[in-house]
Amino acid sequence: MAFGWIDEQAELRRRAGLVRTLRPRPADSPLLDLAGNDYLGLAHHPEVVEGAARAARTWGAGSTGSRLVTGTTGLHAELERELAVFCGFEAALVFSSGYTANLAAVTALAPHGTLLVCDAGNHASLIDGCRLARAERQIVGHRDPEAARKALRAHEGPALVVSDTVFSVDGDAAPLGELASVCREFGAGLLVDDAHGLGVFGDGGRGAGHAAGLAGADDVVVTATLSKSLGSQGGVVLGPARVIDHLVNAARTFIFDTGLAPASVGAALAALRLLRREPERAARARRVAAELHARLTAAGHEAVRPDAAVVSVRAPSPEEAVRWAADCRAAQVAVGCFRPPSVPDGISRLRLTARADLSGEQIERAVRVIGETRP
């Protein structure tokens, strides 16, 4: 029977407590949201919403085609210019999502004969990019520059080291300065995904690359999403102009994908301008994360010290993590639930988003509910 194997897979997931389901949320949800990635609280900001609406009224509901045909508007070019200046890079290229931006960057910058050195804790989009590339690949230990050095030393030819800047599971930061030094020792490129750093890390939220002094370097490429700190949708690759030109001509997820919708471009542009005007939002998100961590650990939870805006709390098992998250939701607090295979170390977690707009009362409420519902 066609697709008969699906039933077997579904039963295996059920037994392992790994079934995932969609849960549509209402527009007026009463939940305290610590599950999404709206780090700066901009997804519903009036200026950002108006930016989306104004762009849709001006340019239409869709971009109407790929970026190389009809999908590039003046608004796309405006956003790319302002993102490049804000993050300190020579040029930028906007994609329909952070996922497609990562696929583009990895596959287009690692042709046959290249060695890809990939951190074991990288996001799925980077991992998939490494799988799709025609390069040789080697997975190295999490946040381990020495392991990257050993991999590069054993290879002759071009190489690219690939890492998240802030890892999505535990919110820990990569040692970017050390990784850059290792890459330069062997003439390798460095590609980092700043999805969880842009808007939170660096001076006024300019990102982890900027904070590490790597912005504008000719051997560093940064990707990011517009769907987290900027509260919109889409992705971007930032780097030297010749790298961006190469992506325009070689990246399949740019050439053959429909361009990002004007409303998303307009929202991201409005959010970026608001962040430039209110740079204290970035520091506020980090302070909220630190306070959440301090309160959770003081209450006896095993929580990983956050480097940015993600706080994770260890759970005893996948099944108990699911029940814990469900009990939190029943108490009107939405938290993320990370289980295998989403977590490379197999340890299930609750994942909390430390938004810049959370009040002290909301932080206290979240910690209380997590404690009261603990398995």
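- The name given to the protein chain in an unreviewed UniProt entry is 8-amino-7-oxononanoate synthase, with the source organism recorded as Streptomyces hintoniae.
- Quoted verbatim from the Subunit (unreviewed entry) field of the UniProt record, the comment on the protein chain reads "Homodimer."
- For the protein chain, the Catalytic activity (unreviewed entry) comment in UniProt is given as "6-carboxyhexanoyl-[ACP] + L-alanine + H(+) = (8S)-8-amino-7-oxononanoate + holo-[ACP] + CO2".

**Some details on the overall build of the protein chain**
Step number 1: For the protein chain, the count of helices and strands is 14 helices and 11 strands.
Step number 2: Whereas a compact globule of 375 residues would reach a radius of gyration of roughly 21 Å, the protein chain reaches 21 Å, a difference of no more than 12%.
Step number 3: For the protein chain, the C-alpha atoms occupy an extent of roughly 55 × 55 × 50 Å along the three principal directions.
Step number 4: Going through the 375 residues of the protein chain one by one, you find that 52% of them count as buried.
Step number 5: Total accessible area on the protein chain stands at roughly 16600 Å², and carbon and sulfur atoms take up 52% of it.
Step number 6: Of the side chains in the protein chain, 41 bear a positive and 43 a negative charge, and the two mean positions are spaced by 2 Å.

**Thoughts on the domain arrangement of the protein chain**
Step number 1: Considered domain by domain, the protein chain is made up of domain 1 (27–42 + 279–372) and domain 2 (46–277).
Step number 2: Computed from C-alpha atoms alone, the centre-to-centre distance between domain 1 and domain 2 is 25 Å.
Step number 3: Summed over both partners, the interface of domain 1 with domain 2 buries about 2000 Å², with 61% contributed by carbon and sulfur atoms.
Step number 4: By the criterion of area lost to domain 2, the three top residues of domain 1 are Leu42, Pro279 and Asp307, representing 30% of everything that side buries.

**A short note on helix H5 (residues 124–132)**
Step number 1: Of the positions making up H5, those classed as buried are Ser125, Leu126, Gly129 and Cys130. Looking straight down H5, one finds that the buried residues subtend no more than 140° of arc, so they occupy a single side. Exposed side of H5, more than 90 degrees from the buried face: Arg131 and Leu132 are the residues found there.
Step number 2: Against helix H4 (98–108), strand S3 (115–119), strand S4 (136–140), strand S5 (159–164) and strand S6 (189–193) lie the buried residues of H5.

**Re the environment of Glu146**
Step number 1: Structurally, the position occupied by Glu146 is in helix H6 (residues 145–153).
Step number 2: Residue class for Glu146 comes out partly exposed when judged on its relative accessible area of 34%.
Step number 3: Each C-alpha atom of the pair Glu146 and Leu179 lies 8.7 Å from the other, and the pair is 33 residues apart in sequence.

**Re the nonpolar core**
Step number 1: Counting residues in hydrophobic clusters, the biggest one holds 63 residues, and the most contacted among them are Leu79, Leu83, Leu190 and Leu226.
Step number 2: The element contributing the most residues to this core is helix H11 (residues 262–277), with 8 residues.
Step number 3: Of the residues that make up this core, three or more belong to each of domain 1 (27–42 + 279–372) and domain 2 (46–277).
Step number 4: When residues no more than four places from it in sequence are discounted, the contact partners of Leu83 are Val94, Leu226, Leu230, Val236, Leu238 and Leu272.

**Side note on the pairing of S5**
Step number 1: Counted residue by residue, S5 has 6 buried out of 6 residues, so it is predominantly covered.
Step number 2: Side chains of S5 alternate between two faces, with Ala159, Val161 and Ser163 and Leu160, Val162 and Asp164 buried alike.
Step number 3: Here S3 runs beside S5; their pairing, made up of 4 bridges, is parallel. Residue pairing in the sheet places Leu115 in a bridge with Ala159 of S5.
Step number 4: In terms of strand pairing, S5 meets S6 through 5 bridges, oriented parallel. Bridge pairing links Ser163 to Val192 in S6.

**Side note on the side chain of His301**
Step number 1: By the element assignment, His301 lies in the loop between helix H12 (280–298) and strand S9 (310–314).
Step number 2: In this structure, His301 is in contact with Leu296, Val313, Trp324, Ile370, Gly371 and Arg374, ignoring residues within four places of it in sequence.

**Regarding the UniProt feature "domain: Aminotransferase class I/classII large" (unreviewed entry) in the protein chain**
Step number 1: Under the present numbering, the feature "domain: Aminotransferase class I/classII large" (unreviewed entry) in UniProt falls on residues 31–370.
Step number 2: Taken end to end, residues 31–370 is 43% helix and 16% strand, and its first and last C-alpha atoms sit 14 Å apart.

**What to know about a nonpolar patch on the surface**
Step number 1: A grouping of Phe3, Trp5 and Ile6 is seen on the molecular surface, where their side chains present a nonpolar patch of about 370 Å² in accessible area.
Step number 2: For Phe3, a relative accessible area of 60% corresponds to the exposed category.

**Things to note about the sheet that holds S4**
Step number 1: Across the sheet, which stays open at both edges, the 7 strands sit in the order S2-S8-S7-S6-S5-S3-S4 with mixed pairing between neighbours. Strand pairing shows two members of the sheet lacking a second neighbour, strand S2 (91–95) and S4, which therefore form its edges. Within the sheet, the average angular offset between the axes of one strand and its neighbour, ignoring direction, is 20°.
Step number 2: Sitting on the sheet, helix H3 (residues 74–87) is in contact with S2 and strand S8 (235–239), with an inclination near 125° to S2.

Thresholds, definitions, all that
- Residues numbered from 1 in each chain as written.
- Predicted model: local features only at pLDDT ≥ 70, side-chain atom pairs only at ≥ 80, totals over all residues.
- Heavy atoms only, no water.
- UniProt positions renumbered as here; feature names shortened; annotations may be inferred.
- Helix = DSSP H or I, 4+ residues; strand = E, 2+ residues; numbered from the N terminus.
- Rg over C-alpha atoms; globule rule 2.2 N^0.38 Å.
- Buried < 20%, exposed > 50% of the residue type's maximum accessible area, 1.4 Å probe, protein only.
- Areas by Shrake-Rupley, 256 points an atom, 1.4 Å probe, with all protein chains shown as cover.
- Lys, Arg positive; Asp, Glu negative; His and termini not counted.
- Charge placed at Lys NZ, Arg CZ, Asp CG, Glu CD.
- Domains from an automatic or database assignment.
- Buried area = accessible area lost by both parts, 1.4 Å probe.
- Arc of directions from axis to C-beta.
- Contact = heavy atoms within 4.5 Å.
- Core = buried A, V, L, I, M, F, W, Y, C linked by side-chain atoms within 4.5 Å.
- Pairing = 2+ DSSP bridges.
- Patch = residues over 30% accessible without salt bridge, like charges linked within 9 Å, V, L, I, M, F, W, Y side chains within 5 Å.
- Salt bridge = Lys/Arg side-chain N within 4 Å of Asp/Glu carboxyl O.
- Axes fitted to C-alpha atoms, helices over the stretch in contact; angles between N-to-C directions.

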